[in-house]
Amino acid sequence: MTIQRIKPGPRMSGAVVHGNTVYLAGQVASQSAGGSVTEQTKEILSIIDNLLAEAGTDKSKILMANIWITDMGTFQEMNAVWDAWVSPGNTPARATVEAKLATPAFKVEIAVIAAK
């Protein structure tokens, strides 16, 4: 079975397709780094939409999402954006944890696995 790497870099690929499964790396908000959780979550979900489209799928086929936020006090703020974005009736399995991210400017990181 072939492996397709989307936006490969020296450390990781933005997405990897193997068979009918698409694995996205943890996505962060480069453009809105330092901004609010709302801004960063919106940017990340847009990146996810684009990577999934490039892989030949979409958010309605997300199987699993892992979300890291730097402050659980912002859980509801992130969820407000997520809830407006997620495909109704197609909500994935999901985990959200509080963690330090690569830089203090990043407040949210999201990784998903989707079917094609």
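For the structure given in this document, a descriptive report is provided here.

Basis of the calculations
- Residues numbered from 1 in each chain as written.
- Predicted model: local features only at pLDDT ≥ 70, side-chain atom pairs only at ≥ 80, totals over all residues.
- Heavy atoms only, no water.
- Phe/Tyr/Trp six-rings, centres within 6.5 Å; stacked < 30°, edge-to-face > 60°.
- Helix = DSSP H or I, 4+ residues; strand = E, 2+ residues; numbered from the N terminus.
- Buried < 20%, exposed > 50% of the residue type's maximum accessible area, 1.4 Å probe, protein only.
- Lys NZ or Arg CZ within 6 Å of the ring centre and 35° of its normal.
- Pairing = 2+ DSSP bridges.
- Axes fitted to C-alpha atoms, helices over the stretch in contact; angles between N-to-C directions.
- Left-handed = near helix turned anticlockwise from the far one by under 90°.
- Contact = heavy atoms within 4.5 Å.
- Nonpolar A, V, L, I, M, F, W, Y, C, P; charged D, E, K, R; others polar.

For the rest of this paragraph, the subject is the packing of aromatic side chains. Counted according to the given criterion, the structure contains 1 aromatic pair. Measuring from ring centre to ring centre gives 5.3 Å for W82 and W85, while their planes differ by 55 degrees; the resulting arrangement is tilted. One end of the pair, W82, and the other, W85, are both in helix α2 (residues 75-85), 3 residues apart, so they sit about a helical turn from each other. Residue class for W82 comes out buried when judged on its relative accessible area of 4%. Among the residues examined, W85 registers a relative accessible area of 10% and is labelled buried. Lying across the ring of W82, R94 places its NZ or CZ 5.3 Å from the centre.

Before going further, it helps to examine the sheet that holds strand β4 (residues 62-69). Within a beta sheet, neighbouring strands are joined by backbone hydrogen bonds and run either parallel or antiparallel to one another. The strand order β1-β2-β3-β6-β4-β5 describes an open sheet built from 6 strands, whose pairing is mixed. In this open sheet, the two edge strands, each paired with only one partner strand, are β1 (3-8) and β5 (93-98). Adjacent strand axes in the sheet meet at a mean angle of 10 degrees, parallel and antiparallel pairs treated alike. Pairing of strand β3 (residues 21-24) with strand β6 (residues 108-115) involves 3 bridges; the strand directions are antiparallel. Among the inter-strand pairings, V22 is bridged to a residue of β6, identified as A114.

On to the packing of helix α1 (residues 37-54) against α2. Here α1 crosses α2 at 35 degrees, and the two axes come no closer than 8 Å. Note that α1 runs across α2; the crossing there is right-handed. For the pair formed by α1 and α2, the contact residues are V37, T38, T41, K42, L45, I48 and D49 on the first element and E77, M78, V81, W82 and W85 on the second. Each residue belonging to the contact of α1 with α2 can be placed in one class, and the counts come to 7 nonpolar, 2 polar and 3 charged.

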